[in-house]
Amino acid sequence: MIPPSPDIVDYHEQTPEVKERFTQLKQRPVVLSVDNVTKDFPTRNGVVRALHDIDFEVYRREFMCVIGPSGCGKSTLIRILAGLEIQSEGEVLLDGNPVAGPGPDRGMVFQTYTLFPWLTVKQNVMFGPKMTGHMSAEIEADARQWIDMVGLSKFENSYPHQLSGGMKQRVAIARALANRPRILLMDEPFGALDAQTRAQMQAYLLEIWRNLDITILFITHDLDEAVYLADRILVLKANPGEIDEIIEVSVPRPRSMEQFISPEFIATKHHINQLIHPEQKGDGPVLHFPRLTEAGDDVE
Amino acid sequence: MGESPSGKKLKVKEPWFAVRRELPSHRASVLTAISFILPLLIWSAVSYLPFLWHPDIKLQLSADRKDVTTVYTAGDRVSKEFFPEFQEAVRSQNEELEAQLKSDDPLAGSSESSVRRANKKVLRHLAPVLESNGWITSEQTKEDELIYEAWKDVATGKRKLKSPGLSEENIEIAKQNWNAMSAVSPVYDSDNFISVPLLSLVPQGKPSNPDYLPAPHHVASSGLEVLMMPAEGDRPSMVQRIGHSIRIVFGGFLLSALIGIPIGVLCGTYAFFSRLIEPFTDFFRYMPAPTFSTLLVAIFLANDAPKIALVFVGTFFQMVLVVSNTTRGLNMNLLEAAQTLGAKQSQLLTHVVIPGILPSMYNDLRILLGWAWTWLVIAELVGVKSGLTEFIESQGRYRNFDLVFPVIILIGLIGFFTDQFLAFLRGIIFPWTKEGEAMSSHPVAKVILFIPRLIKKAFSSKTSPAPTPQAGQP
């Protein structure tokens, strides 16, 4: 738990620069609009509502994170946005057009490794453009650029099983971007990576986002990750999955790891944590520990 | 590192038995070798150690018994229990004969000619022993002059039979018989052959296994002979038989793969085909293929068609189910990823499902090819018997098991090495799999991998000719 510090600030508080940035952000066109989306799953014990009345917008070039306790339906939400699931009610609009089924305009990076094992790195990146009917001569040069961007030029002819987890996800990002999607959907893409690789990948993703004209919707369960990456954080609550709050992150950009201990960062994190784990405010249950050491052991 | 405080190098003892832990490679290869050597050792032990099993006595020397119709000749096997009884019968017969010779009527009422005929038989009873001692050749077993001389040599001690030797009592009998015979004529004379009854030699033999378990060296030597067996009239050579059997196995297997794989892939991909086809297939596969043999002969008539059809029936239904299961086993995430990348439903099948399942399907087909081999024997019995099975069938009927075993082992070897070869090929065909990585540096792999590249090169240069300027083009 974050220790309540005396100089804790209100997470709402924004410096004039940050305030200005959000004003500009909201003037940009809406890329993705989610209108009152509800999702019900039929089960043996009747209908279970996974998502209830989800309503939000993602602006062009925005980096939005979705966070929430397990079972809040964040994966269901992103799958609906990708077109892999169909909502029960409501509508998803991409650039004002309703979404029906999966398509190359919404690139997706999954938590599990989904590179095609029978294709080399280059062939994986070329997969999307090839499916959408581009000529292979031009897409090959294009694919090289994307591979170069994620720093894997040396591995363009390697097969996925020869790559590390971080490298695989970098290829997955390059592969999704090669289609030039309107929005990049990321479903806990770094969840399976070790802490160090994850930190590298986060910095890396920010770098790509800053340099490309791309909108990102990013699902995570990691508070640090959400605050570090996002412009706005959509906090979901469980049973049924509903929007709890949409938080404007007051941490200034460009972001760096040093900001993890800045007052705004801690305040934002603290606030989200309380939204997600409201029951943790008091003391936890009293635990009784059995004795492990034996008499005569050199212990205090 | 790796040293104990006392300065000695620490040696970590690796256990031979650890749950789900792979053994070091040298141990693994030793065990692989033993896995083949051990059965061979057991077979050799049972064959060459007389105190292990050997329930029969193989006769080296036989005799006829009076008033008994069952005749054993040298080379026959009798059970260990019966052998002493057999010997005793002959001995008591000899005793009776001796008593009879001393009596007033040595012929006991039979005619001289019939006694003479019986005596000639007794004379020849020694022939098998003479043959195995090399005194006479296999063509000379009916040359009574030679055998007569041999009796003389044995009786007088001029020459000695060694392998097998004669028992004391038989040497005694030989002397007695020779005394009687030589009194009539010193050399063999068919017309003036002894007409007083001769004593029978007491049966001799050595412990042996039943004829259905020939010894390894026996199988090995006749194996070579069997393999080199040339064609003879209607009978095909062994090489032709092998070719015929392989044709039937692969014919049936390839046919069922040709039809079964597409259907299986469709069933695994589309619920529509799965629901339409799989329930009936599931039911049909429980009907044993051999039960259709007469039906298949009625439909396809003679020759190979009904045989190939039987292998087909035996593998097709399994193939549909196995392939559809493998197809369903493809990681769903890959299909979803492909869709988010813009792949349409029709492209999913060709660009994700098929390439994705190939390595697993390849392994399925290896197992199913094994199934096809198991149907071979039944298939070759359908209609007109043919191939290796016909050989096994006919030789087995004559109890020539030393000829049957090599063929059985040969079928095993063909199947085994085919599978090993296919396993080796897998790494080359699928370089993106774990095995593929290890394989890509293999010298054979390099050669084989070069071929598709060459074809690709030739193909691409054919299909995309140098661009020629065309009228009307900007």
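None of the values given here were measured: they were computed from a predicted structure. (Residues numbered from 1 in each chain as written. Chains lettered and ligands numbered in written order. Predicted model: local features only at pLDDT ≥ 70, side-chain atom pairs only at ≥ 80, totals over all residues. Heavy atoms only, no water.)

Q: Could you give me a rundown of the interface of chain A and chain B, with the residues and numbers involved?
A: The interface is formed by 25 residues belonging to chain A together with 21 residues belonging to chain B. Regarding the contact of chain A and chain B, the summed buried area is about 2100 Å², with carbon and sulfur atoms giving 67% of it. For chain A, the biggest contributors to the area lost against chain B are Trp118, Met131 and His161 of chain A; these three give 36% of the whole. Our count for the chain A to chain B interface comes out at one salt bridge. (Contact = heavy atoms within 4.5 Å. Buried area = accessible area lost by both parts, 1.4 Å probe. Salt bridge = Lys/Arg side-chain N within 4 Å of Asp/Glu carboxyl O.)

Q: Run through helix H6 (residues 168-184) of chain B, naming residues and quoting values.
A: Residues and elements named next belong to chain B. In a regular helix each residue adds 1.5 Å, so 17 residues correspond to 24 Å; H6 covers 25 Å between its end C-alpha atoms and thus fits that length. Those residues of H6 that sit buried are Asn170, Ile173, Ala174, Asn177, Trp178 and Met181. Mapping the buried residues of H6 onto a view down its axis gives an arc of 135 degrees, with all of them on the same face. Turned more than 90 degrees off the buried face of H6, the exposed positions are Glu168, Asn179 and Ala183. Turning to H6, the residues buried within the fold contact strand E1 (56-61), helix H2 (82-102), helix H3 (112-124), helix H5 (144-156) and strand E3 (204-208). (Helix = DSSP H or I, 4+ residues; strand = E, 2+ residues; numbered from the N terminus. Expected span 1.5 Å × (residues − 1). Buried < 20%, exposed > 50% of the residue type's maximum accessible area, 1.4 Å probe, protein only. Arc of directions from axis to C-beta.)

Q: Go over the sheet that holds E3 of chain B with me, naming the residues and quoting the values.
A: Whether parallel or antiparallel, the strands of a sheet pair through hydrogen bonds between backbone atoms. All names here are of chain B. An order of E2-E1-E3 is seen for the three strands of this open sheet, with the pairing classed as antiparallel. Each having just a single partner strand, strand E2 (77-79) and E3 make up the two edges of the open sheet. Neighbour to neighbour, the strand axes of the sheet diverge by 40 degrees on average, direction disregarded. Bridge count between E1 and E3: five bridges; the pairing is antiparallel. (Pairing = 2+ DSSP bridges. Axes fitted to C-alpha atoms, helices over the stretch in contact; angles between N-to-C directions.)

Q: So what about the packing of aromatic side chains? Which residues, and what values?
A: Here the structure, examined in full by the defined rule, presents 28 aromatic pairs over all chains. Between Phe260 of chain A and Phe265 of chain A, the ring centres sit 4.7 Å apart and the planes meet at 20 degrees, which makes this aromatic pair stacked. For Phe260 of chain A, a relative accessible area of 24% translates into the label partly exposed. Seen from their ring centres, Tyr270 of chain B and Phe273 of chain B are 6.1 Å apart, and the 65 degrees between their planes marks the pair as edge-to-face. (Phe/Tyr/Trp six-rings, centres within 6.5 Å; stacked < 30°, edge-to-face > 60°.)

Q: Residues and numbers for empty space enclosed by the protein, please.
A: Any empty space left between the atoms is revealed when a probe the size of a water molecule rolls over them. Taken as a whole and assessed by the stated rule, the structure comprises two cavities of 30 Å³ or more. Here the largest cavity defines a volume of roughly 50 Å³. What lines the largest cavity is Glu188, Phe190, Gly191, Arg198, Thr220, His221, Asp222 and Glu225 of chain A. The residue inventory of the lining of the largest cavity, partitioned by class, reads one nonpolar, three polar and four charged. Computed from the structure, the second largest cavity encloses a volume of approximately 30 Å³. Lining the second largest cavity are Tyr148, Met181, Val184, Ser185, Val187, Asn192, Phe193 and Ile194 of chain B. (1 Å grid on protein atoms, 1.4 Å probe; cavity = no way out; pocket = protein on both sides within 12 Å on 5 of 7 lines; lining within 4 Å. Points joined across faces, edges and corners; volume = space filled by probe spheres on them. Nonpolar A, V, L, I, M, F, W, Y, C, P; charged D, E, K, R; others polar.)

Q: Quick rundown of the packing of helix H13 (residues 345-381) of chain B against helix H15 (residues 401-429) of chain B? Include the residues and the values.
A: Helices that pack against each other are described as a pair by the angle of their axes relative to one another and the distance between those axes. Residues and elements named next belong to chain B. Here H13 crosses H15 at 170 degrees, and the two axes come no closer than 11 Å. When the interaxial angle is binned, H13 and H15 end up roughly antiparallel. The residues of H15 that touch H13, namely those facing Pro359, Ser360, Tyr362, Asn363, Arg366, Leu369, Trp373 and Leu376, are Ile411, Ile414, Gly415, Thr418, Asp419, Leu422, Ala423, Leu425, Arg426 and Ile429. For the contact of H13 with H15, the residue count by class is 11 nonpolar, four polar and three charged. (Parallel < 35°, antiparallel > 145°, perpendicular 65-115°, else oblique.)

Q: So what about the sheet that holds strand E3 (residues 63-67) of chain A? Which residues, and what values?
A: Residue and element names in this part refer to chain A. Strand order in this open sheet of six strands is E6-E7-E8-E3-E9-E10, and the pairing throughout is mixed. Where the open sheet ends on each side, the last strands, each with one partner, are strand E6 (106-109) and strand E10 (242-248). Between one strand axis and the next, the sheet turns by 20 degrees as a mean value, whatever way the strands run. Relative to strand E8 (residues 215-219), strand E7 (residues 183-187) runs parallel, the two being bridged by five bridges. Bridging across to E8, Asp187 finds its partner in Ile219. The strands touched by helix H5 (residues 165-177) are E6 and E7; relative to E6, the strand with the most contacts, the crossing angle is about 170 degrees.

Q: Please set out the nonpolar core residue by residue, giving values where relevant.
A: Ranked by size, the top nonpolar core spans 65 residues in total, and within it Phe116 and Phe127 of chain A together with Ile261, Val265, Met319 and Val352 of chain B carry the most contacts. Going through the elements one at a time, helix H3 (121-131) of chain A together with helix H8 (238-269), helix H11 (305-328), helix H12 (332-340), H13, helix H14 (387-397) and H15 of chain B are the ones with two or more residues in this core. Here the element with the most residues in this core is H13 of chain B; it accounts for 15 residues. If you look at the next biggest cluster of nonpolar residues, it comprises 51 residues, including Ala178, Ile247, Val249 and Ile272 of chain A. (Core = buried A, V, L, I, M, F, W, Y, C linked by side-chain atoms within 4.5 Å.)

Q: Summarise the packing of helix H7 (residues 216-227) of chain B against H15 of chain B; cite the residues concerned and give the values.
A: Residues and elements named next belong to chain B. Where H7 meets H15, the closest approach of the two axes is 8 Å, and the angle between their N-to-C directions is 75 degrees. Taken together, the axis directions place H7 and H15 in an arrangement best described as roughly perpendicular. Of the residues in H15, those in contact with His218, Val219, Ser222, Gly223, Val226 and Leu227 of H7 are Asp402, Leu403, Phe405, Pro406, Val407, Ile409 and Leu410. Tallied by class, the residues present in the contact of H7 with H15 amount to nine nonpolar, three polar and one charged.

Q: Break down H2 of chain B for me, citing the residues and quoting the values.
A: Helical periodicity: at 3.6 residues per turn, an α-helix aligns residues three or four positions apart in one direction. The end-to-end C-alpha distance of H2 of chain B is 31 Å, a good match for the 30 Å that 21 residues give at a rise of 1.5 Å each. The secondary structure elements touched by the buried residues of H2 of chain B are E1, E2, H6 and E3 of chain B.

Q: Describe the environment of Leu310 of chain B, naming the residues involved and giving the relevant values.
A: Residue and element names in this part refer to chain B. Structurally, the position occupied by Leu310 is in helix H11. Linking Leu310 and Ala379, residues 69 residues apart in sequence, is a C-alpha distance of 5.8 Å. In contact with Leu310, not counting residues within four places along its chain, are Ala289, Pro290, Ser293, Leu296, Trp375, Ile378, Ala379 and Val382.

Q: Could you give an account of unusual backbone geometry, naming the residues involved and the relevant values?
A: Residue Pro240 of chain A is bonded to the preceding Asn239 of chain A through a cis peptide linkage, with omega at -15 degrees. Among the structural elements, Pro240 of chain A can be located in the loop between strand E9 (232-237) and E10. For the bond from Ser163 of chain B to Pro164 of chain B, the omega torsion is -5 degrees, close enough to zero to count as cis. Here Pro164 of chain B lies in the loop between H5 and H6.

Q: Which residues make up the pattern of salt bridges, and what are the values?
A: Pairing between side chains of opposite charge can happen when their charged atoms approach one another. Across all of its chains, the model carries 35 salt bridges over all chains by this definition. Arg198 of chain A is the salt-bridge partner of Asp222 of chain A, the closest N and O atoms lying 3.5 Å from each other. Of this pair, Asp222 of chain A sits in the loop between E8 and helix H7 (223-229) while Arg198 of chain A sits in helix H6 (residues 195-211); the two residues are 24 residues apart in sequence, bridging distant segments of the chain. In this structure, the salt-bridge partner of Glu390 of chain B is Arg241 of chain B, at a minimum N-O distance of 2.7 Å. Pair noted here: Glu390 of chain B is in helix H14 and Arg241 of chain B is in helix H8, with a separation of 149 residues, a long-range link. Residues participating in the shared-partner salt-bridge network are Lys39, Arg79 and Glu85 of chain A together with Glu336 of chain B.

Q: How would you explain the domain arrangement of chain B if you had to name every residue and give the values?
A: Under the domain assignment used here, chain B contains domain 1 (30-54), domain 2 (57-208) and domain 3 (225-429). Taken over C-alpha atoms, the centre of domain 2 of chain B sits 59 Å from the centre of domain 3 of chain B. (Domains from an automatic or database assignment.)

Q: Can you lay out a nonpolar patch on the surface for me, pointing to particular residues and giving the numbers?
A: The grouping of Trp16, Phe17, Val30, Leu31, Ile34, Ile37, Leu38, Leu41 and Ile42 of chain B at the surface amounts to a nonpolar patch, some 930 Å² of accessible area in total. Exposure remark for Ile37 of chain B: the relative accessible area of 46% places this residue in the partly exposed category. (Patch = residues over 30% accessible without salt bridge, like charges linked within 9 Å, V, L, I, M, F, W, Y side chains within 5 Å. Areas by Shrake-Rupley, 256 points an atom, 1.4 Å probe, with all protein chains shown as cover.)

Q: Explain the state of the cysteines to me, and be specific about the residues and the numbers.
A: Residue and element names in this part refer to chain A. The final tally for this structure, using the stated rule, is zero disulfides over all chains. Here Cys65 stays free of any disulfide, with the sulfur of Cys72 as its closest cysteine sulfur at 13 Å. A residue is classified by how much of its surface remains accessible, and Cys65, at 0% relative accessible area, is buried. Judged by relative accessible area, Cys72 falls into the buried class, the value being 0%. (Disulfide = S-S within 2.5 Å.)

Q: An account of the side chain of Arg175 of chain A is requested, with residue identities and associated values reported.
A: One can find Arg175 of chain A in helix H5. Glu336 of chain B provides the closest opposite charge to the buried, unpaired Arg175 of chain A, separated from it by 11 Å. (Lys, Arg positive; Asp, Glu negative; His and termini not counted.)

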